[in-house]
Amino acid sequence: MNAAPVARRPPYKDFLQPALQRRFAGTAAIVLGLAYLESLTLSHWDSLIWSWLPLGYMGLRVLSFFACVLSIIILRIAQGHIGRRNANSIFEGSAKAMFSRSALETVSTYIVFALFFSQVYLLSTPEEAGIRWISLATGRSRLNEHAVFFTTSLVFLGLVQGVIHVAFDQDRLLLSAVERRPQGDNANRELPSEHWAVKLGERTPLVAIRSGMLAIIIALTNYSILYHFLRLFAWRSSMWFFRFFYSDLPKYNLPPGGAPWSVWMLGRTTWASFLLIFLWSFGEVAFRIQFTREPLKNGQPLTAESRDPNGSLLNGLRSTRSRISAFATWELALIARDFTARRQSIFEDIDRNDGPTWSQIYALCLDSIRGIERRIDEHGRPPAPVAAPVVAPVAGPEPVAPANQPRQRVAQPPRNNDIAAPLPTGRRALVMYALGRAVRSPGKTPSDVLMPKLRDGAVLVANRVMTEEQRAALQPQAIRGFIGALLLQVLALPYIGPIFQQTFNQRLTRAVLSSPYAETSAYINAAYALSRLAVSSLTEDRYGNVQRDVPTIIRTFTTVIRKIEAFRDGLPMHWTDIEQRRECAEVTEVLTALKDGLHDVVEAFGEFRNDLRLSRAEIRLAREAAARQPVDGQPDMQQRR
């Protein structure tokens, strides 16, 4: 008799991936609508139907504009990561990102599709606009430098936008932390306060303003500076390309005497640049808002449709991919807050092969929080040397050295020159003999003889010519002080200095949170899920499995909080930190979540201290660690984008 087939546990990605695909389709639909609106601005309006109907040339233009932004969205999906780039300074993080293969792909994609957009725009303009590539005004084909100028500006725009994408880490996705609500508010759960469409509408004006400012800066830079240097190269490259299609083009490669820059051409270039930047920026904002929505479907957790909801959730929590584990932790926090039936199923699911569901969730979330403690302990510690692999000896007869093998020499052989030979008599031979003796002599070298004399002479001249203040300024300490003061002035510059400063915020975030990307929502949601499940177990855990782990939760939270605070207070300021502000928003968010969770658990289980085998000292330390000190200007950790 054949054994019954084992039911397959659906992995968490089988539910997350369709949700992300639906959000991608929604983003694509929004961007396609924007591409249609921008395409309307280039219609000729010579027909009441074909000018706006998305068929024919109008439809091709819409699809071309849509392809320009769709490629960037696909690039973001391929290179996306959870969390902010974590480095000691902006320059350090950007420099590492710039010299990578992904950066080259990003910049190349922006340049290629900026060039593609420029050609679609040129083909969409009427003949009387005078910016097509080839002009036939004189009866012969002539290259139009207005098109060269326009294309150069758009290609430069693609380069700048690609560098901005890499430098400002626009591939990041920042998930939200669950919003805390009072216990017992689960029955009256409200929908999210802001719909994704409302958020997109609120950010659209700001995106339009930024796009307009960047378009003006790019157009003015190309108009006043860049095209003067690239004019000859751009003209010759264009002539070389179009000679394959137009044989009657002039043979000379010099541009015409009249320059193509004018106020009219500047306005045309600025408008086209605005359309492209706004298309890219709006698509990026829509993508970020859609892909950072709560892991819910029809108001229920994503794993609610699974044959084994808890098993699929555990699969997501164990995932080594940060995106999957971050969404799974977020879903767990939402379940702990809003879904009573799912919480009870976690407490009652005790017959799993790997242990009860609560025990696995407890171990995974607590290990994530203990990762902060491990990173603090390892901070500043030199990496352990890699041990050389030990090769086991192979049994067998010992090797016997060949009889004719020469022994290893331990001293230089004696020279075989004739010591009784007479000295050379010729002038050339005497010079070569003297040079050879000087080179082989173990005495002082010429530098050893001349350098003290030169140094003493320089000191003597300086004492006679220079004043005492001038001599003091040339001392090594004074030179180092001058260089340090100059560097501090550079670091104090408004826009350049912050790039190189190693601020307290960046250094503490890198030391406490994960690297190379720091995502605080994973720690906040893990701490909230553990504390809320522990508190809810007082009324919902029929088997009493949770109470065995409550002392460990209290001790771990207390230890991690105290270590974070001690490390934060003892971390010295870097000399490049001009403002000297001991503030760190990311670490404060995590610390606040740990304090709130510890406070809830201690308040709920404090009266059961003896049953939990917790001493009064442990409860006192836990209450002290959970005490919150209000900080002016502390950012709200609940809704973070």
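It should be noted that the structure appears before, not after, this text.
Residues numbered from 1 in each chain as written. Predicted model: local features only at pLDDT ≥ 70, side-chain atom pairs only at ≥ 80, totals over all residues. Heavy atoms only, no water.

**Student:** Any chance you could break down unusual backbone geometry for me, citing the residues and the numbers?
**Tutor:** Negative phi values dominate among residues other than glycine, just as trans dominates among peptide bonds. Phi at glutamine 580 takes a positive value of approximately 55 degrees, unusual for a residue other than glycine. You can see glutamine 580 is positioned in the loop between α19 (550-570) and α20 (585-605). Look at glutamine 580 and you get partly exposed, because its relative accessible area is 42%. A positive phi is found at arginine 613, a non-glycine position, where the angle reads about 60 degrees. Here arginine 613 falls in the exposed class, since its relative accessible area comes to 74%. (Helix = DSSP H or I, 4+ residues; strand = E, 2+ residues; numbered from the N terminus. Buried < 20%, exposed > 50% of the residue type's maximum accessible area, 1.4 Å probe, protein only.)

**Student:** Can you break down the pattern of salt bridges residue by residue, with the values?
**Tutor:** This model, assessed by the stated rule, comprises 28 salt bridges. In this structure, the salt-bridge partner of arginine 510 is glutamate 92, at a minimum N-O distance of 2.7 Å. One end of the pair, arginine 510, is in helix α17 (residues 504-512); the other, glutamate 92, is in helix α3 (residues 90-98), with 418 residues separating them in the sequence. (Salt bridge = Lys/Arg side-chain N within 4 Å of Asp/Glu carboxyl O.)

**Student:** Summarise the nonpolar core; cite the residues concerned and give the values.
**Tutor:** One recurring pattern in soluble globular proteins is that nonpolar side chains are buried together. Counting residues in hydrophobic clusters, the biggest one holds 139 residues, and the most contacted among them are Leu332, Leu530, Phe557, Leu594 and Leu598. Counting residues per element, this core draws most heavily on helix α7 (residues 263-291), which supplies 14 residues. In contact with phenylalanine 557, not counting residues within four places along its chain, are Leu366, Ile369, Ala527, Leu530, Leu594, Gly597 and Leu598. (Core = buried A, V, L, I, M, F, W, Y, C linked by side-chain atoms within 4.5 Å. Contact = heavy atoms within 4.5 Å.)

**Student:** Which residues make up the packing of helix α6 (residues 196-242) against α7, and what values go with them?
**Tutor:** A pair of packed helices can be characterised by two numbers: the angle between their axes and the separation between those axes. Two elements in contact, α6 and α7, have axes separated by 7 Å at closest approach and are oriented at 145 degrees. Remark: the crossing between α6 and α7 carries right-handed chirality. Per-class residue counts for the contact of α6 with α7 are 19 nonpolar, eight polar and three charged. (Axes fitted to C-alpha atoms, helices over the stretch in contact; angles between N-to-C directions. Left-handed = near helix turned anticlockwise from the far one by under 90°. Nonpolar A, V, L, I, M, F, W, Y, C, P; charged D, E, K, R; others polar.)

**Student:** Can you explain α17? Please cite residues and give values.
**Tutor:** Of all nine residues in α17, seven are buried, a share of seventy percent or more. Taken together, the buried positions of α17 are Phe504, Gln506, Arg507, Leu508, Thr509, Ala511 and Val512. Of the surrounding elements, those touching the buried residues of α17 are α3, α11 (357-378), β8 (517-518), α19 and α20.

**Student:** Give me the lowdown on a nonpolar patch on the surface, citing residues and values where you can.
**Tutor:** A contiguous nonpolar surface patch, about 840 Å² in accessible area, is contributed by Ile90, Phe91, Leu486, Val490, Leu493, Tyr495, Ile496, Ile499 and Phe500. Secondary-structure elements contributing two or more residues to the nonpolar patch are α3, α15 (476-491) and α16 (497-500). Along the chain, tyrosine 495 turns up in the loop between α15 and α16. (Patch = residues over 30% accessible without salt bridge, like charges linked within 9 Å, V, L, I, M, F, W, Y side chains within 5 Å. Areas by Shrake-Rupley, 256 points an atom, 1.4 Å probe, with all protein chains shown as cover.)

**Student:** Residue-level account of the environment of arginine 609, with values.
**Tutor:** Looking at where arginine 609 falls in the secondary structure, it is placed in the loop between α20 and α21 (616-626). For arginine 609 and proline 551, which are 58 residues apart along the polypeptide, the C-alpha to C-alpha distance reads 9.0 Å. In contact with arginine 609, other than residues within four places in its own chain, are Leu614, Ser615, Arg616 and Ile619.

**Student:** So what about the packing of aromatic side chains? Which residues, and what values?
**Tutor:** Enumeration over the complete set of coordinates arrives at 18 aromatic pairs. Cluster of aromatic residues (ring-pair linked, three or more members): Trp133, Phe241, Phe242, Phe245 and Tyr246. (Phe/Tyr/Trp six-rings, centres within 6.5 Å; stacked < 30°, edge-to-face > 60°.)

**Student:** I'd like to hear about the environment of isoleucine 346, residue by residue, with values.
**Tutor:** Tracing the chain through its elements places isoleucine 346 in helix α10 (residues 340-348). Sequence separation between isoleucine 346 and tryptophan 358 is 12 residues, and the spatial gap between their C-alpha atoms is 5.8 Å. Leaving out residues up to four positions away in the same chain, isoleucine 346 has contacts with Asn310, Leu332, Ile335, Thr357, Trp358 and Ile361.

**Student:** An account of α11 is requested, with residue identities and associated values reported.
**Tutor:** The end-to-end C-alpha distance of α11, which contains 22 residues, comes to 31 Å, matching closely the 32 Å that a straight helix rising 1.5 Å per residue would cover. By the largest-angle criterion, isoleucine 369 marks the main kink of α11, which is about 25 degrees. Among the residues making up α11, those that are buried are Thr357, Trp358, Gln360, Ile361, Tyr362, Cys365, Leu366, Ile369, Gly371, Ile372, Glu373 and Ile376. (Expected span 1.5 Å × (residues − 1). Bend = angle between axes of the 7 residues up to and from the residue.)

This is a description of form; function is not addressed.
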